[in-house]
Amino acid sequence: YRVARLIELGISPSRILLVTFTNRAAREMLGRVESLVKTDIRRVWGGTFHSIANRMLRRHASSLGYESNFTILDSEDSKDLIDSCIEEAAIDTRARRFPKGEVLREMFSYATNTDTPLEQIITGKHPHFEPLTAQIRRVDQLYQSRKLERNSMDYDDLLINWKRLMQEKPDVAAIYQDQFQHVLVDEYQDTNTLQADIVDLVAAKHRNLMVVGDDAQSIFGWRGANFANIFQFKDRYPDAQLYRLETNYRSSPEILMLANASISHNTRQFQKNLQAVRPSHNFPPALIPARDSEQQASFVAARVLELRDE
């Protein structure tokens, strides 16, 4: 609705940037916009952080030392290249328990997305590999140089190079800071430090930034998401206005009462009181202790079968 309203007010679709966490969500949102304003909205820049980064880098990769036809490495490609870098570094992985390529890929990725030195990631999250820090750093250096030589970027490079464009290439940054008069970000609580920095850089000129998110629904900390971004938003944008969306269309009142009671104990939160649209079924939630996720899954499956049999 925000995008539709902006277009209705005469803002050119090409001056709107809509960032979501899946391309499917972007297509769905833009499809709704098109049905609301009855106009061609293909010029709206809508998509994931990675897809928008790819679009920009295809235009400006040469300024960072890449060709515009660079290839994108998926997770398996990255792991294979890291494995070859381990071999190139002549590391005897059998003499000491050296991390596998997949573990290193996750380690490098987490360091990039949280803007944290690799050594700090090793010490904090993988202390058993601390004696191997120098060798791990050597593999990372080889990995970075081999990607550039092969004109390849992994998913994290798409983001880090987008940020580099905005920070190191003022002429390129000025194009997009001027173009994107309005920036909108969905699921902001799941952004990481790198993504939050990119958003701030793109919105630096017009400062017309709207983010949607729920501090109580941040679930991607394991891959670097930082829910502090949403708490610190007012610090970075002191004139921002807060709108609470407290109407819930998904859950029954009983489930929402339980959620509200649970969330009320969070030490850091935006106060909210969710209200259900769905009617009550007078069926209170049950608390089922489970020792682990396996037992929880088994209980749920067994209960579904019981209800089907009834």
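Look up a bit, the structure's there.
Residues numbered from 1 in each chain as written. Predicted model: local features only at pLDDT ≥ 70, side-chain atom pairs only at ≥ 80, totals over all residues. Heavy atoms only, no water.

Participant: Please set out helix H10 (residues 193–202) residue by residue, giving values where relevant.
Facilitator: Within H10, eight of the 10 residues are buried, leaving the element largely enclosed by the surrounding structure. Among the residues making up H10, those that are buried are Leu194, Gln195, Ala196, Ile198, Val199, Asp200, Leu201 and Val202. For H10, the side-chain oxygen to backbone nitrogen distance between the N-cap and Leu194 is 3.1 Å, and the N-cap itself is Asn192. (Buried < 20%, exposed > 50% of the residue type's maximum accessible area, 1.4 Å probe, protein only. Helix = DSSP H or I, 4+ residues; strand = E, 2+ residues; numbered from the N terminus. Polar contact = N/O pair within 3.5 Å; in protein donor to acceptor, adjacent residues only side chain to side chain.)

Participant: If you had to explain the nonpolar core to someone new, which residues and values would you point to?
Facilitator: As a rule of thumb, soluble globular proteins bury nonpolar side chains together. In this structure, Leu17, Trp162, Phe180, Val183, Val185, Val202 and Leu209 are the most contacted members of the largest nonpolar core, which totals 38 residues. Listed by contribution, the elements that provide at least two residues to this core are strand S1 (16–20), helix H3 (49–60), helix H8 (155–168), helix H9 (170–179), strand S5 (182–185), H10 and helix H11 (228–231). Looking at this core, the element that brings in the most residues is H10, giving six residues. Excluding residues that lie within four positions of it along the chain, Leu209 makes contacts with Val183, Val185, Val199, Asp200, Ala203, Phe233 and Tyr237. If you look at the next biggest cluster of nonpolar residues, it comprises 20 residues, including Ile82, Phe98, Leu132 and Leu142. (Core = buried A, V, L, I, M, F, W, Y, C linked by side-chain atoms within 4.5 Å. Contact = heavy atoms within 4.5 Å.)

Participant: I'd like to hear about the packing of aromatic side chains, residue by residue, with values.
Facilitator: What the rule picks out here adds up to 10 aromatic pairs. Summarising the aromatic geometry, the rings of Phe231 and Phe270 are spaced 5.3 Å apart at their centres and angled 25° between planes, so their arrangement reads as stacked. Within this pair, whereas Phe231 is found in helix H11, its partner Phe270 is found in the loop between helix H13 (253–263) and strand S8 (275–276), the two being separated by 39 residues in sequence. What makes Phe270 partly exposed here is its relative accessible area of 22%. (Phe/Tyr/Trp six-rings, centres within 6.5 Å; stacked < 30°, edge-to-face > 60°.)

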